[in-house]
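Commentary on secondary and tertiary structure
One letter stands for each residue in the lines below.
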Amino acid sequence: MRSDHDVLLVIDVQNDFCPGGNLAVPGGDEVVPVINRLAREFHHVVLTQDWHPVEHSSFASRHHRKAPFDTVDMHYGPQTLWPDHCIQDTHGAAFHRDLDIPQAQLIIRKGFRHGIDSYSAFFENDRTTPTGLGGYLRERGIRKVVCAGLAFDYCVRFSAEDANQLGFETEVIAAACRAIDLAGSADAARRSFAERGIVLA
């Protein structure tokens with residue numbers, strides 16, 4: 001078993017990010033058995049869930065003459081536009097049916113504010129609005145955050161970077177992640193981890 005001061009952070013293992021979903025990450029469902037095995041090593045597990053309202057501002061469908069994966073300027077900075085995905089209380093937003101972590105102690109829902117997207121489990125994309133996860137982990141005596149899930153180069157990357165910035169020892173389990181890889185984003189994530197001292201295991 002891992003230390004009682006470690007937490008496994010399972011990020012966005014949802015139907016829309018798996019094959020057949022509206023924003024499928026290549027091989028996204030392959031992480032499920034890996035994460036299920038990994039979770040058995042942890043006393044503490046937290047899940048995150050992308051949870052968008054209908055017509056969320058990050059959806060390309062809400063922007064005239066824009067397509068998925070275009071970039072626009074929002075009030076908080078550049079924002080990649082996505083296909084409509086993980087809409088609240090839909091099949092696409094549900095966790096993958098084979099995800100089996102009954103001991104998970106918390107689900108953090110993110111991206112539920114209409115006007116701002118949220119990649120990180122800790123902060124929304126304005127980089128200042130917290131989800132509350134940092135305080136929760138500190139109060140639980142957590143010192144190390146181990147990240148797994150989807151997608152490696154977006155929500156996993158931002159979550160790991162923020163955990164590191166908040167002072168937690170941070171590790172990302174490569175075999176338990178898959179990447180979208182837009183314009184070299186997976187390599188950019190690896191470089192960022194190396195520069196910040198985030199362990200890519």
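Residues numbered from 1 in each chain as written. Predicted model: local features only at pLDDT ≥ 70, side-chain atom pairs only at ≥ 80, totals over all residues. Heavy atoms only, no water.

1. Let's talk about the overall build of the protein chain
As a reminder of what qualifies: In this text, helices come from DSSP runs of H or I with a minimum length of four residues, and strands from runs of E with a minimum of two, each type numbered from the N-terminal end. Radius of gyration means the value over C-alpha atoms here, while the globule rule gives 2.2 Å times the residue count to the 0.38 power. Note on classification: 1.4 Å probe, protein chains only; a residue is buried when its accessible area is under 20% of the maximum for its type, exposed when over 50%, partly exposed between these limits. In what follows, residue pairs with any heavy atoms lying within 4.5 Å of each other are defined as contacts. Accessible surface area values rest on a Shrake-Rupley calculation with a 1.4 Å probe, where residue burial reflects the displayed protein chains alone. When charges are counted, Lys and Arg contribute as positive and Asp and Glu as negative, whereas His and the chain ends are disregarded. In plain terms, the charge of a residue is placed at NZ if it is Lys, CZ if Arg, CG if Asp and CD if Glu.
Broken down by element type, the protein chain carries four helices and eight strands. Secondary structure elements in the protein chain, listed N-terminal to C-terminal, are β-α-β-β-β-β-α-β-α-β-α-β. The globule rule puts the C-alpha radius of gyration for 201 residues at 17 Å, and the 16 Å found for the protein chain is close to it. Principal-axis analysis of the C-alpha atoms gives the protein chain an extent of 50 × 35 × 30 Å. Burial statistics for the protein chain: of 201 residues in total, 54% are counted as buried. Taking contacts inside the protein chain between residues at least 6 apart in sequence as the whole, the part at least 24 apart equals 75%. Counting only carbon and sulfur atoms, one obtains 49% of the accessible surface of the protein chain, whose full area is about 9100 Å². Of the charged side chains in the protein chain, 20 are positive and 27 negative; the average position of the first set lies 2 Å away from that of the second.

2. Some details on the environment of G27
Looking at the element boundaries, G27 is found in the loop between strand 1 (6–11) and helix 1 (31–39). What makes G27 buried here is its relative accessible area of 18%. On a C-alpha basis, the gap between G27 and C177 in space is 9.2 Å, while along the polypeptide they are 150 residues apart.

3. Some points on the sheet that holds strand 5 (residues 106–110)
Heads up, the condition is: Whether two strands pair depends on DSSP finding at least two bridges between them.
Read from one edge to the other, the open sheet built from six strands follows the order 5-2-1-6-7-8, with strand pairing classed as parallel. Single-partner strands in this sheet number two, and they are strand 5 and strand 8 (199–200). Looking at chain direction, strand 2 (residues 44–50) and strand 5 are connected through five bridges and run parallel. Paired with L47 across the strands is I107, a residue of strand 5.

4. Thoughts on the pairing of strand 7 (residues 169–178)
Threshold: Handedness is read with the strands pointing away from the viewer; a crossover is right-handed when the path from the first strand over the helix to the second is clockwise.
Note that strand 6 (residues 144–150) and strand 7 share six bridges and pair parallel. For K144, the partnering residue across the bridge sits in strand 7 and is E169. What joins strand 6 to strand 7 is helix 3 (residues 152–165), and the crossover it makes is right-handed. Following the chain from strand 7 across helix 4 (residues 185–196) to the adjacent parallel strand 8, one finds a crossover that is right-handed.

5. Overview of the nonpolar core
To keep it simple, the criterion reads: Within this scheme, the nonpolar core is defined by two criteria: the residues are buried Ala, Val, Leu, Ile, Met, Phe, Trp, Tyr or Cys, and they are joined through side-chain atoms within 4.5 Å.
With 55 residues, the main nonpolar core has L8, L9, I35, F122, L137 and V172 as its most contacted residues. Mapped onto this core, the elements with two or more residues apiece are strand 1, helix 1, strand 2, helix 2 (133–139), strand 6, helix 3, strand 7 and helix 4. A per-element tally of this core places helix 3 first, with six residues. Ignoring anything within four residues of it in the chain, the contact list for F122 reads L9, T129, P130, T131, L133, G134, L137, S159, D162, A163, L166 and F168. Counting residues in each nonpolar core, the second largest holds six residues, with V72, Y76, L81 and I116 among its members.

6. Points about the packing of aromatic side chains
Two aromatic rings are characterised by how far apart their centres lie and by the angle between their planes. Formally: Note on ring pairs: Phe, Tyr and Trp rings are taken, using the six-membered ring of Trp, and paired if centres are within 6.5 Å. Classes follow the plane angle, with under 30 degrees stacked, over 60 edge-to-face and the rest tilted. By the criterion adopted, a ring carries a charge over it if an Arg CZ or a Lys NZ lies within 6 Å of its centre and within 35 degrees of its normal.
Across all of its chains, the model carries seven aromatic pairs by this definition. Considering the side-chain rings of W82 and Y154, the 5.2 Å spacing of their centres and the 90° angle between planes classify their relative orientation as edge-to-face. Residue W82 is located in the loop between strand 4 (77–80) and strand 5, and its partner Y154 is located in helix 3; the two are separated by 72 residues in the primary sequence. The exposure class assigned to W82 is buried, which follows from its relative accessible area of 3%. Between F152 and F193 the ring centres are 5.7 Å apart and the planes differ by 90°, which places this aromatic pair in the edge-to-face class. In this pair, F152 sits in helix 3 while F193 sits in helix 4, placing the two residues 41 residues apart along the sequence. Across the pair, exposure class does not vary: F152 and F193 are buried alike. Stacked on the ring of W51, the Lys or Arg R109 has its end atom at 3.6 Å from the ring centre.

7. Quick word on the side chain of D153
Applicable threshold: Here, a salt bridge means any side-chain nitrogen of Lys or Arg that lies within 4 Å of a carboxyl oxygen of Asp or Glu. Pairs of N or O atoms are called polar contacts if they sit within 3.5 Å, as long as, within protein, a hydrogen donor faces a hydrogen acceptor (for residues adjacent in sequence, only side-chain-to-side-chain pairs).
Looking at the secondary structure, you find D153 in helix 3. There is no salt bridge for the buried D153, and the closest opposite charge comes from R157, which lies 7.9 Å off by N-O distance. There is a polar contact of 3.0 Å between the side chain of D153 and the backbone nitrogen of I180. Leaving out residues up to four positions away in the same chain, D153 has contacts with A179, I180, D181, L182, S185, A186 and A189.

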